[in-house]
Amino acid sequence: MLEFQVTATGVDLEYEGDLGANDKWVWDELTTNNKARISRIFLFKTSDLLNPPSGNQSFEDYKYQFRFGTFENDYVRVPARILEIKNDLLISRDVTLRRSLFVAERNISIFLRLSELLDHSDSIVIGGTHPDAIPRDVFEELLKKFPNTYELNRYADARVQTILSQYLDGMRDARGRYENYLNRNKSLTSTRKIDLDLLKKLEIEKYILIRDLIKDSLATKKNWSEGDWQKLMLSFLLLLFPKYIMVLENVTIHDYYSNPSKKTDRFIDIALVDANGNLDVIEVKKPFDDKILRKSQYRGNSIPTSELSGSIMQAEKYLFHLSKWGIKGEETLTKKYTTELPPGMRIRISNPKAIIIVGRDQIGGANMTGSQLLDFEIIKRKYANMMDIITYDDLLRRLNNTIAALGC
């Protein structure tokens, strides 16, 4: 067993084995190797031992006393070498020291895990008023979230079951048991409310900024070219569509069908790559009025304008040529953008989709009627399996709904 004893200058660690155990091995390690590991977590040198045993020492009732840490203002400084990490530990003097502060179940070193996540050798500070300190309550919450033996066993079973279930029948649902355990153990999934509130506030501010920027541009930038609108949208496309991680501009693709006698280059203004490397297309058009549905009807139905039909056709052709390009296209594009892609990622052309941002929900200076909105929705659903058609007003509504939902 071990105890931490506070002295006038610091903290000592007292160690003696369990009842009936022979503790001479510690002294043998110190004299032979000049170091000994106590309680599987603390590594001491011979010079740390404050009460070396006498020549005829009986170890039956002997307690080793090691210098563990020294006082430094309001903290106890524990040398990094004792914990076998690269950072000294500064722990507030008002924290009661115990073994469970340093080691989790299965003798996992808590500060070793923490030190491995740091890219510096500055001191790790726990509690107190130091500006770089981890607050005491946060550290206590961290200790609660270290996995216990039961969880580790359930996790190991789940991993084994996931692999072997492909080959063996009649296996128990270990993954289900593991997930049920996580769902029951709220301490493992709890989130500090202040952190969640802060994240939601930042998300709301992000979407408000984008919404206001689009609204202002719609009101004051009527003379902008299509290229200007593309530049504006490029600045926050990845925020509007978070499934994507990368924007590619002016992507060259090959067309082998328009002229079978030779290859023709086509150019996609903007392409998007998702987290799995899948490539999609996005078309950004000018937000003109009267560019969605014609003013005149055909047999009582509103039909798309040539602007909308042309945008749809253009996107369809891009998707067609991408799909036909296939594996060769994947290799060509991956090679071209390899320095921009995350390490190990390759571009995939797998049933690509398109997004078209075009026009306003207005006809003849007025908002669409209910009948016109229904006809437009039918048009959008016709192409829903391959593209998403979004007006600038629809984009603003989505942002407003997102802001309202996050603010609840």
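Think of each chain on its own: its residues are numbered from 1, step by step along the sequence as written. The predicted nature of this model means local features are confined to residues of pLDDT at least 70 and side-chain atom pairs, given and counted, to a pLDDT of 80 or more, with totals for whole chains, interfaces and linings taken over all residues. With hydrogens and water stripped out, all remaining heavy atoms of the structure feed into the side-chain values.

**Q** Sorry, what's going on with the pairing of strand β5 (residues 64–72) here?
**A** Where a strand is regular, its side chains alternate between the two sheet faces. For two strands to count as paired, DSSP must find a minimum of two bridges between them. Each helix is a run of H or I in the DSSP string that is no shorter than four residues. Each strand is a run of E no shorter than two, and both are numbered from the N terminus. Where strand β2 (residues 10–15) and β5 come together, 6 bridges link them in antiparallel fashion. Bridged to Tyr-15 within β5 is Tyr-64. As defined by bridge partners, β5 adjoins strand β6 (residues 75–78) across 3 bridges and the pair is classed as antiparallel. Of the residues in β6, the one forming a bridge with Thr-70 is Arg-77. Between the antiparallel neighbours β5 and β6 lie 2 residues, among them Asn-73 with a positive phi of about 60°.

**Q** Looking at this model, I keep getting lost on the sheet that holds β5. Mind explaining?
**A** Each strand in a sheet pairs with another by means of backbone hydrogen bonds, the pair being arranged parallel or else antiparallel. The 6 strands lie next to each other as β1-β2-β5-β6-β7-β10, forming an open sheet whose pairing is mixed. The open sheet terminates on both sides in strands that have one partner only, identified here as β1 (2–6) and β10 (124–126). Here the average twist between neighbouring strands, direction ignored, is 25°. Packed on one face of the sheet, helix α1 (residues 24–33) meets β2 and β5 and runs near 65° to β5. Angles shown run from 0 to 180 degrees and are taken between the N-to-C directions of axes, each axis being a line fitted to C-alpha atoms and, for helices, limited to the stretch in contact. In what follows, residue pairs with any heavy atoms lying within 4.5 Å of each other are defined as contacts.

**Q** I'm lost on the pairing of β2 in this one. Help?
**A** Here β2 lies mainly inside the structure; 6 of its 6 residues are buried. Pairing geometry for β1 and β2, over 5 bridges, is antiparallel. Note that in β2 the partner of Gln-5 across the bridge is Asp-12. In textbook terms, the turn of a hairpin is the stretch between consecutive antiparallel strands, and for β1 and β2 this stretch comprises 3 residues. Here's how the labels work: a residue is buried when its accessible area is under 20% of the maximum for its type, exposed when over 50%, partly exposed in between, all with a 1.4 Å probe on protein chains only.

**Q** Teacher, can you tell me more about the packing of aromatic side chains here?
**A** Each Phe, Tyr or Trp ring, with Trp reduced to its six-membered ring, pairs with another whose centre is within 6.5 Å; inter-plane angles below 30 degrees give stacked pairs, above 60 give edge-to-face pairs, and intermediate values give tilted ones. According to the stated counting rule, one finds 14 aromatic pairs in the structure shown. Centre to centre, the rings of Phe-4 and Phe-68 are 5.1 Å apart; their planes meet at 65°, and the pair counts as edge-to-face. Separated by 64 residues along the polypeptide, Phe-4 in strand β1 and Phe-68 in strand β5 bring together distant segments of the chain. Each member of the pair, Phe-4 as well as Phe-68, is classed as buried. Ring centres of Tyr-257 and Phe-320 lie 5.2 Å apart, and the angle between their planes is 70°; this geometry places the pair in the edge-to-face category.

**Q** Is there a simple way to explain a nonpolar patch on the surface in this structure?
**A** Residues Tyr-256, Tyr-257 and Phe-320 make up a contiguous nonpolar surface patch of roughly 290 Å² in combined accessible area. Tracing the backbone through its elements, the reader meets Tyr-257 in the loop between β11 (244–255) and β12 (264–274). Within this analysis, patches are made of residues with over 30% relative accessible area and no salt bridge. Like charges are joined at 9 Å or less; nonpolar side chains (Val, Leu, Ile, Met, Phe, Trp, Tyr) at 5 Å or less. Reported accessibility uses the Shrake-Rupley method at a 1.4 Å probe radius. Residues are deemed covered only where the shown protein chains occlude them. Here a salt bridge means any side-chain nitrogen of Lys or Arg lying within 4 Å of a carboxyl oxygen belonging to Asp or Glu.

**Q** Looking at this structure, I do not really get the sheet that holds strand β13 (residues 279–284). What am I missing?
**A** Strand order in the open sheet formed by 5 strands is β11-β12-β13-β14-β17, and the pairing between neighbours is mixed. At either margin of the open sheet sits one strand with a lone partner, and together these are β11 and β17 (387–390). Shown here is a sheet whose adjacent strand axes are inclined to one another by a mean of 30°, direction ignored. As defined by bridge partners, β12 adjoins β13 across 4 bridges and the pair is classed as antiparallel. Note that in β13 the partner of Ile-270 across the bridge is Ile-282. The strands touched by helix α11 (residues 306–336) are β11, β12, β13, β14 (354–357) and β17; relative to β11, the strand with the most contacts, the crossing angle is about 95°. The strands that helix α13 (residues 392–407) touches are β13, β14 and β17; relative to β17, the one it contacts most, it runs at about 95°.

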